[in-house]
There are 2 protein chains.
Amino acid sequence: MKTQAIGELSRKTGVHIETIRYYEREGILPTPMRSAAGRRIYSDKDVRRLNFIHKCRGLGFSLKEINSLLSLVDSGEFTCKEVHELTIHHAGQITEKIFNLKKMEGVLQEMAAQCNQGNVPKCPIIDSLFDA
Amino acid sequence: MKTQAIGELSRKTGVHIETIRYYEREGILPTPMRSAAGRRIYSDKDVRRLNFIHKCRGLGFSLKEINSLLSLVDSGEFTCKEVHELTIHHAGQITEKIFNLKKMEGVLQEMAAQCNQGNVPKCPIIDSLFDA
DNA sequence: CTTGCTTCTGTAGTAACTACAGGATACATA
DNA sequence: TATGTATCCTGTAGTTACTACAGAAGCAAG
């Protein structure tokens with residue numbers, strides 16, 4: 001399938017139609033081609049871009065940060081130094097997020113294991129996690 | 001230090017004073033003790049809880065989801081089965097987040113490495129990442 | 001006792017959606 | 001070809017999760 005309407009883009013990505021139009025207004029998605037009757041037409045490139053945006057949002061990045069990540073992709077007007085700095089900055093953020101999620105994952109799995117043995121666990125999340 | 005005012009809690013956690021009061025209104029933080037003059041007094045338990053909430057927000061969890069995570073900690077009114085189900089659900093979410101972040105991390109590190117060699121990288125994020 | 005900092009309540013503004021309303025368009029089928 | 005239903009359009013208003021003030025009161029040091 002080559003092109004698609006907004007509804008199919010929404011179905012493929014799990015992003016609401018209204019949100020897609022909102023992203024367009026905000027300049028995060030490019031203004032798409034229109035059909036003769038004025039309907040938005042999207043390509044598979046848009047599907048990939050929107051998937052990327054959607055997952056980033058779910059990972060706690062702001063639209064501003066996502067724009068900055070996407071700028072790495074969109075443009076050749078960046079110097080290598082700028083790309084490098086942005087990349088390192090984002091990579092640092094990401095490493096920290098992974099670290100925190102792994103901590104949570106470990107605690108939750110431990111709790112689930114305790115439950116399997118029939119004990120209501122004395123939940124250790126707050127006491128063992130995120131003290132600073 | 002045993003107890004503290006809202007300003008110190010804010011400094012320790014990096015959460016704005018207004019946001020702390022907002023969390024109290026929304027029932028995510030318990031209503032704290034008050035001084036004779038009516039000022040909020042917090043304990044180190046509150047520091048830990050707020051740190052947890054703050055990090056969760058940064059990882060893309062909604063306040064509703066955080067409440068559900070905290071319910072694992074707060075209450076003895078849950079059956080083992082309920083705790084287990086909630087735990088498994090959240091652990092699944094977390095594993096997926098880690099998976100996506102690791103993908104991003106890999107791509108960004110590759111880009112940074114290319115930059116180090118003096119090439120502006122033909123950024124592969126969208127093409128290699130998040131196709132579904 | 002005054003000067004400066006912190007806290008209080010309350011309201012209003014912002015970011016990122018989300019949910020209609022009211023109307024046009026597309027498309028399958030009788 | 002008529003018609004019903006699904007999809008799309010623009011525009012506006014509501015929601016979530018903050019964020020920023022205004023104006024008053026408390027507290028701590030000199």
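It should be emphasised that the depicted structure is a prediction, and the values quoted were computed from it without experimental measurement.

*Asks:* Outline the protein's contact with DNA strand D, listing residues and values.
*Replies:* Taken together, the neighbourhood of DNA strand D is formed by 19 residues, with G7, R21 and R40 of chain A together with Y23 and R57 of chain B sitting nearest. By atom count, sugar and phosphate contribute 73% of the portion of DNA strand D lying within 4 Å of the protein. At a separation of 3.4 Å, a base nitrogen of DNA strand D approaches a polar side-chain atom of R39 of chain B. In the environment of DNA strand D, a phosphate oxygen lies 2.8 Å from a nitrogen or oxygen atom belonging to the side chain of R57 of chain B. Broken down by secondary-structure element, the contributors of at least two residues to the surface near DNA strand D are α1 (6–13) and α2 (17–25) of chain A together with α2 (17–25) of chain B. Among the elements that line the surface near DNA strand D, the one with the most residues is α2 of chain B, at four residues.

*Asks:* Give a description of the packing of helix α3 (residues 44–58) of chain A against helix α4 (residues 63–74) of chain A that names residues and reports values.
*Replies:* Residue and element names in this part refer to chain A. Direction vectors running N to C along α3 and α4 enclose 140°, while the axes themselves pass 10 Å from each other. Considering only the axes of α3 and α4, their crossing is right-handed. Between α3 and α4, the contacting residues are R49, F52, I53, C56 and R57 on the first element and L63, I66, L69, L70 and D74 on the second. For the contact of α3 with α4, the class distribution of residues is seven nonpolar, no polar and three charged.

*Asks:* Give a description of α1 of chain A that names residues and reports values.
*Replies:* Residues and elements named next belong to chain A. Of the residues making up α1, those classed as buried are I6, G7, L9, S10 and T13. The buried residues of α1 occupy an angular sector of 165° when projected down its axis, which confines them to one face. Contact partners of the buried residues in α1: β1 (3–4), α2, β3 (40–43) and α3. Looking one or two residues past α1, G14 carries a phi angle of roughly 75°, positive in sign.

*Asks:* Describe the pairing of strand β3 (residues 40–43) of chain B, and please don't skip the residues or the numbers.
*Replies:* Residue and element names in this part refer to chain B. Of the two faces of β3, only the one carrying R40 and Y42 is buried; I41 and S43 on the other face are not. Inspection of the sheet shows strand β1 (residues 3–4) paired to β3 by two bridges, in the antiparallel sense. Looking at the pairing, T3 lines up with S43 of β3. Alignment of strand β2 (residues 33–34) against β3, held across two bridges, turns out to be antiparallel. Counterpart to R34 in the pairing with β3 is R40.

*Asks:* Before we move on, could you go through the sheet that holds β3 of chain A and cite the residues and values that matter?
*Replies:* The sheet built from three strands is open, its strands ordered β1-β3-β2 (chain A) with antiparallel pairing. The outermost strands of the open sheet, each flanked by one partner alone, are β1 and β2 (33–34) of chain A.

*Asks:* Outline the protein's contact with DNA strand C, listing residues and values.
*Replies:* Taken together, 19 residues are adjacent to DNA strand C, and Y23 and R57 of chain A together with G7, R21 and R40 of chain B come closest. For DNA strand C, the fraction of atoms within 4 Å of the protein that belong to sugar or phosphate moieties is 71%. R40 of chain B is positioned with one of its backbone polar atoms (N or O) 2.6 Å from a phosphate oxygen of DNA strand C. Top element by residues in the surface near DNA strand C is α2 of chain A. It accounts for four residues. Here the residues of the surface near DNA strand C are counted per class, giving seven nonpolar, five polar and seven charged.

*Asks:* An account of the nonpolar core is requested, with residue identities and associated values reported.
*Replies:* Core analysis: the biggest nonpolar cluster contains 59 residues, and I20, Y23, F61 and M104 of chain A together with I20, Y23 and F61 of chain B have the highest contact counts within it. The element contributing the most residues to this core is helix α5 (residues 80–116) of chain A, with ten residues. Once you skip the residues sitting within four places of it in the chain, Y23 of chain A turns out to touch V15, I28, L29, L50, I53, R57 and L63 of chain A.

*Asks:* With reference to specific residues and values, describe the sheet that holds β2 of chain B.
*Replies:* Residues and elements named next belong to chain B. As summarised here, the arrangement of the three strands in space is β1-β3-β2, forming an open sheet in which the pairing is antiparallel. Single-partner strands in this sheet number two, and they are β1 and β2. Relative to the sheet, helix α3 (residues 44–58) contacts β1 and β3, its axis offset from that of β3 by approximately 80°.

*Asks:* An account of the packing of aromatic side chains is needed here, citing residue identities and associated values.
*Replies:* Taken as a whole and assessed by the stated rule, the structure comprises two aromatic pairs over all chains. With centroids separated by 6.0 Å and ring planes inclined at 45°, the aromatic side chains of Y22 of chain A and Y23 of chain A adopt a geometry described as tilted. For Y23 of chain A, a relative accessible area of 6% gives the class buried. For the cation-ring pair, K97 of chain B lies above F61 of chain B, with the distance from its terminal atom to the ring centre recorded as 4.7 Å.

Rules and cut-offs
- Residues numbered from 1 in each chain as written.
- Chains lettered and ligands numbered in written order.
- Predicted model: local features only at pLDDT ≥ 70, side-chain atom pairs only at ≥ 80, totals over all residues.
- Heavy atoms only, no water.
- Near = heavy atom within 4 Å.
- Polar contact = N/O pair within 3.5 Å; in protein donor to acceptor, adjacent residues only side chain to side chain.
- Helix = DSSP H or I, 4+ residues; strand = E, 2+ residues; numbered from the N terminus.
- Axes fitted to C-alpha atoms, helices over the stretch in contact; angles between N-to-C directions.
- Left-handed = near helix turned anticlockwise from the far one by under 90°.
- Contact = heavy atoms within 4.5 Å.
- Nonpolar A, V, L, I, M, F, W, Y, C, P; charged D, E, K, R; others polar.
- Buried < 20%, exposed > 50% of the residue type's maximum accessible area, 1.4 Å probe, protein only.
- Arc of directions from axis to C-beta.
- Pairing = 2+ DSSP bridges.
- Core = buried A, V, L, I, M, F, W, Y, C linked by side-chain atoms within 4.5 Å.
- Phe/Tyr/Trp six-rings, centres within 6.5 Å; stacked < 30°, edge-to-face > 60°.
- Lys NZ or Arg CZ within 6 Å of the ring centre and 35° of its normal.

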